[in-house]
Amino acid sequence: MAAPKLSLLASLSSPPKFHFHWTRILCGNPTHSSLFLRNATTITKINKKKKKQRNGKGGIVTAKPESLAEKLKKRTRSDREFDKEQAMVYGGTATHVPVMLGEVLEVFSSFSSSSSSSPLRSFVDCTLGAAGHSSAIIQAHPELELYVGMDVDPIAHEKAQARIRSLCGDSSHLKAHTFMRNFKNIKSVLREVDEELLSSGVDGILMDLGMSSMQVNNAERGFSVLANGPLDMRMDPQASLTAEDILNSWPDTEVGRILREYGEESNWRSLQNKIVKARLFGGLHSTGELVDLIRKTTPRTRGGRQGWIKTATRAFQALRIAVNDELKTLEDSLYACFDCLTPGGRLAVISFHSLEDRIVKQTFLDIINSNGEDESGEGGGKDLRNIRNDNDEKEAWIKQMVQGWNGTILTKRPITPSEEEERLNRRSRSAKLRVIQKG
Ligand SMILES: C[S@@+](CC[C@H](N)C(=O)[O-])C[C@H]1O[C@@H](n2cnc3c(N)ncnc32)[C@H](O)[C@@H]1O
């Protein structure tokens, strides 16, 4: 089924009329000690597969390096034509260009008041950002009755709130709510909107993970390798833990662990040693100082400038994941989001690095198979690997599905952006879209 074409002119000349209701709530802060434990549990699960491949002496993981061809086989490149105009209408260089927008619209276009399928009555955007995806969904679904948007970042929340408010106007049947909250609290957020929602469920949920361009481009947030700023990296500025705390006060083994596990950095031990040694001279207090240390630690033989930039990118990724407890939050939230779906409802997740994608893939399998007895994580009592290829009933974008007890994974392989989108929006290059449907 083709995604609805959205016309900026049409939407401007006849803005939908919506009823509006706003809510704003602050987030709680995770404690540092619980972060150690929870992060360790998550990564243990991620590495389950790798551990199976250990050699007989209990030694090193000996997985064969994946060739590019093997990697490509494991995903499905989107065959949609990239709609540049649409991406610019819902994004913008000053804010954030929504990734795989056409594909996301297509996922939810199976709900439509104008077709024989059921209408999209309720939608939750867990990661508002600049509200690019949200704005497009709201405009493509005039039948929408309930919209809920969340972002843990106050700047993103404020911008998105204003955008959705102006899009919706001031009177209609659409009740729109935005919350400055972590998506791990989706159940309590929906309960606040309407007690009944948790039992009735919502039709669509979107998670577009990671950072927005607004966050990366703001040096003060400390996310950018290329701009000097404080070692912060908090998505939620009210959270207590910063990257500076980790670098200057976490035990050396924990610093090494996050570089190895969250950054997948092979040179982690030498970096860990240099970071701990820097504490003797006052510690690290800016992203520039950290980048300098990485540049000096990365051997010249490892690819010159590209080499240390890659290492720095991996170290920044590791710190960001640890600061925001991203992996455990993601895993828990996927289960919570699925619980919040109505039968037939869909959860779409866009991830940007392999650790996230592995969690989405594995958690989706666990979700659809949670009644099964097989502990392998690959299948249960019922034939989980009932991969459907029949083209008769399914939508054009769906290539292969995996059916389980509780739902269907609509993307056996993740969908990745079209070549054109990758070319025009560098940030989209690592994006992977996975979709699960309840019931
Ligand atoms: C990639 S951006 C989303 C962009 C958005 N889809 C758009 O089209 O503009 C990701 C957003 O998710 C937010 N975020 C990340 N982790 C979050 C969490 N655990 N809870 C809520 N929001 C989160 C970030 O603050 C950021 O604004």
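Residues numbered from 1 in each chain as written. Predicted model: local features only at pLDDT ≥ 70, side-chain atom pairs only at ≥ 80, totals over all residues.

Caption draft 1: Expanded view of the overall build of the protein chain. Assigned secondary structure in the protein chain consists of 19 helices and eleven strands. Sequence separation of at least 24 residues holds for 69% of the intrachain contacts in the protein chain that already meet a minimum separation of 6. (Helix = DSSP H or I, 4+ residues; strand = E, 2+ residues; numbered from the N terminus. Contact = placed C-beta atoms within 7 Å.)

Caption draft 2: Spatial organisation of the packing of helix α6 (residues 101–108) against helix α7 (residues 132–140). It is the contact of α6 with α7, at a shortest axis distance of 10 Å, that shows an interaxial angle of 45°. Here α7 runs oblique to α6, going by the angle between their axes. Here the hand of the crossing between α6 and α7 comes out right-handed. Packed against α6, whose contacting residues are Leu101, Val104, Leu105 and Phe108, the element α7 presents Gly132, His133, Ala136, Ile137 and Ala140 at the interface. By residue class, the composition of the contact of α6 with α7 is seven nonpolar, two polar and no charged. (Axes fitted to C-alpha atoms, helices over the stretch in contact; angles between N-to-C directions. Parallel < 35°, antiparallel > 145°, perpendicular 65-115°, else oblique. Left-handed = near helix turned anticlockwise from the far one by under 90°. Nonpolar A, V, L, I, M, F, W, Y, C, P; charged D, E, K, R; others polar.)

Caption draft 3: Representation of the confidence of the model for the protein chain. With 74% of its residues at a pLDDT of 70 or more, the protein chain has an overall mean of 82. Below pLDDT 50 for its whole length, residues 46–63 participates in twelve contacts with residues either more than four positions away or in separate chains. The model gives residues 373–392 a pLDDT under 50, and that stretch makes 33 contacts with residues more than four places away or in other chains. (pLDDT = per-residue confidence, 0-100.)

Caption draft 4: Representation of the site of the ligand. Around the ligand sit 22 residues, and of these Pro98, Thr127, Gly129, Gly132 and Asp153 come closest. When its residues are assigned to classes, the shell around the ligand shows ten nonpolar, nine polar and three charged. (Near = placed C-beta within 6 Å.)

Caption draft 5: Main features of unusual backbone geometry. Look at Ala131: it is not a glycine, yet its phi comes out positive at around 65°. Tracing the chain through its elements places Ala131 in the loop between β2 (122–125) and α7. Look at Asp325: it is not a glycine, yet its phi comes out positive at around 50°. When you line up the elements, Asp325 lands in the loop between α16 (304–323) and α17 (326–339). Judged by local crowding, Asp325 falls into the buried class, with 20 C-beta atoms found within 10 Å. (Buried ≥ 20, exposed ≤ 12 C-beta atoms within 10 Å, placed from the backbone.)

Caption draft 6: Local environment of the nonpolar core. Core analysis: the largest hydrophobic core is formed by 104 residues, its most contacted members being Cys126, Ile205 and Leu319. Tallying contributions element by element places α16 first for this core, with nine residues. Domain assignment of the residues forming this core places at least three in each of domain 1 (8–27 + 74–214 + 327–438) and domain 2 (240–323). (Core = buried A, V, L, I, M, F, W, Y, C linked by C-beta atoms within 7 Å. Domains from an automatic or database assignment.)

Caption draft 7: Molecular detail of the pairing of strand β6 (residues 341–351). Most of β6 is tucked away: eight of the eleven residues are buried. Sheet analysis places strand β5 (residues 202–208) next to β6, joined by six bridges and oriented parallel. Each bridged residue has a counterpart across the sheet, and for Met207 the counterpart in β6 is Val349. Strand direction decides the pairing type here: β6 and strand β11 (residues 432–438), joined by six bridges, are antiparallel. (Pairing = 2+ DSSP bridges.)

Caption draft 8: Structural context of α7. The element α7 is extensively covered by neighbouring structure, given that eight of its nine residues are classed as buried. Within the span of α7, buried status applies to Gly132, His133, Ser134, Ser135, Ala136, Ile137, Ile138 and Gln139.

Caption draft 9: Seen up close, the pairing of β5. Within β5, seven of the seven residues are buried, which leaves the element mostly enclosed by the surrounding structure. In this sheet, β5 lies alongside β2 in parallel orientation, the contact comprising three bridges. Looking at β5, one finds that Val124 is bridged to Ile205.

Caption draft 10: Spatial organisation of the environment of Arg295. For Arg295, the location among the structural elements is in helix α15 (residues 287–297). Distance from Arg295 to Trp308, taken between C-alpha atoms, is 5.3 Å for residues 13 residues apart in sequence.

Caption draft 11: Spotlight on the environment of Glu145. On the secondary structure map, Glu145 appears in the loop between α7 and β3 (146–150). Assessed through the 17 C-beta atoms surrounding it within 10 Å, Glu145 is described here as partly exposed. A C-alpha to C-alpha distance of 8.2 Å links Glu145 and Leu120, two positions 25 residues apart in sequence. Aside from chain neighbours lying at most four places away, what touches Glu145 is Arg121, Ser122, His173, Leu174 and Lys175.

Caption draft 12: Layout of the environment of Leu198. As for its placement among the helices and strands, Leu198 is situated in helix α10 (residues 197–200). The class for Leu198 is partly exposed, based on 16 C-beta atoms found within 10 Å. Expressed as a C-alpha distance, the spacing of Leu198 and Leu341, which sit 143 residues apart in the sequence, is 8.5 Å. The contact partners of Leu198, leaving out residues within four places of it in the chain, are Lys187, Leu190, Arg191 and Cys340.

Caption draft 13: Molecular detail of helix α18 (residues 354–368). Counted at 1.5 Å a residue, the expected span for α18 with its 15 residues is 21 Å, and the 21 Å between its end C-alpha atoms agrees. With eleven of 15 residues buried, α18 is to be regarded as a mostly interior element. Turning to α18, its buried residues number three or more, namely Leu355, Glu356, Asp357, Ile359, Val360, Lys361, Thr363, Phe364, Leu365, Ile367 and Ile368. (Expected span 1.5 Å × (residues − 1).)

Caption draft 14: Local environment of the packing of helix α13 (residues 252–261) against helix α14 (residues 268–278). Where α13 meets α14, the axes come as close as 9 Å, and the angle between the chain directions of the two elements is 140°. The angle between the axes of α13 and α14 places the two elements in the oblique class. The two elements α13 and α14 meet at a crossing, and its hand is right-handed. Note on element contacts: α14 touches α13 through Trp268, Arg269, Leu271, Gln272, Ile275 and Val276, opposite Asp252, Val255, Gly256, Leu259 and Arg260. Class assignment for the residues of the contact of α13 with α14 results in six nonpolar, two polar and three charged.

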